[in-house]
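Chains, contacts and geometry: an overview
For reference, the chains in residue letters:
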Amino acid sequence: MACTDSLHPQVGVIFATVSAVPVEHVDELQAYAQAVSGCTRCRLAQGRTQVVFGAGNPHADLMFVGEAPGFHEDKQGLPFVGQAGKLLEKLLAQIGLARSDVYIANVLKCRPPGNRDPQPDEIEACESHLFRQIELIEPTVVATLGNFATKLLSGRPLGITKVHGQEQETTLGGRKVLLFPLYHPAAALYTPTMLKILESDFARLPELLGRSVEPIVEAQPELTLVGSRPPAEQLGLF
Ligand code: SF4
């Protein structure tokens with residue numbers, strides 16, 4: 001397995017950006033993406049151009065989870081390709097990383113009509129796709145972007161304004177990970193104060209990536225979340 005280290009220019013420490021994911025997991029991830037491309041589990045299948053499974057480095061230590069594809073993502077089949085994606089790339093560059101160093105996915109894989117909020121039953125239908133991605137990618141840090149991803153993966157109802165920048169250890173995919181809630185770049189685009197907070201929280205990522213996390217908690221055939229999963233309720237952006 002190729003392993004790339006990055007030198008973080010601000011803190012001057014070397015931290016690994018990729019993990020020792022078994023090669024068969026990469027094949028499985030590709031096969032799973034292929035399978036999900038035909039998913040019709042929820043109503044969003046009807047209006048999509050294509051499933052936006054996720055993109056990036058399948059060995060990434062750092063995984064981002066956003067909300068759902070928007071107009072451009074739906075057309076191109078890639079997550080975070082619009083203005084929010086540009087901001088995400090800029091934020092990554094500020095900590096010495098590129099998009100190719102990380103993996104980016106969303107809670108929902110298909111675009112809600114008119115970019116409306118995800119509905120509870122849609123999240124419930126789609127969540128196993130995200131959990132399987134996490135299981136196969138084996139990130140050490142999962143940065144949730146906005147309320148939907150944060151509430152789903154933390155298992156707690158607290159909104160992003162309360163929990164942003166506060167890492168918490170949890171178990172995803174049978175492994176311990178650091179969950180790190182961040183404001184959604186789309187929300188920060190037009191709100192300077194929120195952007196400053198996002199930049200400040202983002203700057204902590206190198207430190208979190210440098211922390212040692214126990215690689216395997218226990219062998220589990222299926223991914224399980226520690227704690228109760230929140231009801232798939234309407235979560236709201238903030
Ligand atoms: S949003 Fe998820 S569950 Fe719904 S059709 Fe798309 S991939 Fe399937």
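This is a predicted model, so every value here is computed, not measured.

With that settled, consider the overall build of the chain. When helices and strands are counted, the chain shows nine helices and eight strands. Expressed as a percentage of the 238 residues in the chain, the buried residues total 43%.

This part is about the site of the ligand. Taken together, 15 residues lie near the ligand, and Cys 39, Arg 41, Cys 42, Cys 110 and Cys 126 sit nearest. No other element matches helix 4 (residues 120-137), which puts four residues into the shell around the ligand. Considered class by class, the residues forming the shell around the ligand number 10 nonpolar, two polar and three charged.

In the Ramachandran plot, Asn 115 falls in the positive-phi region, its phi being about 60 degrees despite a non-glycine side chain. You can see Asn 115 is positioned in the loop between strand 5 (103-106) and helix 4. Positive phi, close to 55 degrees, is recorded for Glu 138, a residue that is not glycine. Locating Glu 138 in the fold gives a position in the loop between helix 4 and strand 6 (141-145).

Read from one edge of the open sheet, six strands run 3-5-4-6-8-7, paired in mixed fashion. Where the open sheet ends on each side, the last strands, each with one partner, are strand 3 (55-56) and strand 7 (168-172). Together, strand 4 (62-66), strand 6, strand 7 and strand 8 (175-182) form the strand contacts of helix 5 (residues 147-154), whose direction differs from that of strand 6 by roughly 135 degrees.

Formed by 57 residues in total, the largest nonpolar core has its most connected members in Met 63, Val 65, Val 102, Val 107, Val 142 and Ala 143. Discounting chain neighbours no more than four positions away, the residues touching Ala 143 are Leu 62, Phe 64, Phe 180, Leu 182 and Leu 205.

Here strand 7 runs beside strand 8; their pairing, made up of five bridges, is antiparallel. Bridging across to strand 8, Thr 171 finds its partner in Lys 176.

Moving on, we get to the pairing of strand 4. Counting buried residues in strand 4 gives five out of five residues, a clear majority hidden from the surface. A two-sided burial pattern is seen for strand 4, the buried positions comprising Leu 62, Phe 64 and Gly 66 on one face and Met 63 and Val 65 on the other. Sheet topology places strand 4 next to strand 5; four bridges connect them, and they run parallel. Bridging from a neighbouring strand, Gly 66 pairs with Asn 106 of strand 5.

Once that is clear, we can look at the packing of helix 1 (residues 23-36) against helix 4. To characterise two packed helices, one gives the angle between the axes of the helices and the distance between these axes. Contact geometry of helix 1 with helix 4 gives a least axis separation of 9 Å together with a crossing angle of 165 degrees. Between helix 1 and helix 4, the crossing angle belongs to the class labelled roughly antiparallel. The chirality of how helix 1 crosses helix 4 is left-handed. Where helix 1 approaches helix 4, its residues His 25, Glu 28, Leu 29, Tyr 32 and Val 36 are matched on the opposing element by His 129, Arg 132, Leu 136 and Ile 137. Across the contact of helix 1 with helix 4, the residue classes break down as five nonpolar, two polar and two charged.

Further remarks concern the environment of Arg 116. Inspection of the secondary structure puts Arg 116 in the loop between strand 5 and helix 4. A residue is classified by how many C-beta atoms lie within 10 Å of it, and Arg 116, with 9 of them, is exposed. Along the chain, Arg 116 and Ala 68 lie 48 residues apart, while their C-alpha atoms are 9.4 Å from each other.

Predicted coordinates in regions of low pLDDT should not be interpreted in detail. This prediction gives the chain a mean pLDDT of 85; 80% of its residues lie at or above 70. Below pLDDT 50 for its whole length, residues 1-16 participates in 33 contacts with residues either more than four positions away or in separate chains.

Take Lys 75: it is sitting in helix 2 (residues 71-76). The partly exposed category is assigned to Lys 75, around which 14 C-beta atoms lie within 10 Å. For the pair Lys 75 and Thr 49, spaced 26 residues apart in sequence, the C-alpha to C-alpha distance is 6.1 Å.

Criteria and cut-off values
- Residues numbered from 1 in each chain as written.
- Predicted model: local features only at pLDDT ≥ 70, side-chain atom pairs only at ≥ 80, totals over all residues.
- Helix = DSSP H or I, 4+ residues; strand = E, 2+ residues; numbered from the N terminus.
- Buried ≥ 20, exposed ≤ 12 C-beta atoms within 10 Å, placed from the backbone.
- Near = placed C-beta within 6 Å.
- Nonpolar A, V, L, I, M, F, W, Y, C, P; charged D, E, K, R; others polar.
- Pairing = 2+ DSSP bridges.
- Contact = placed C-beta atoms within 7 Å.
- Axes fitted to C-alpha atoms, helices over the stretch in contact; angles between N-to-C directions.
- Core = buried A, V, L, I, M, F, W, Y, C linked by C-beta atoms within 7 Å.
- Parallel < 35°, antiparallel > 145°, perpendicular 65-115°, else oblique.
- Left-handed = near helix turned anticlockwise from the far one by under 90°.
- pLDDT = per-residue confidence, 0-100.

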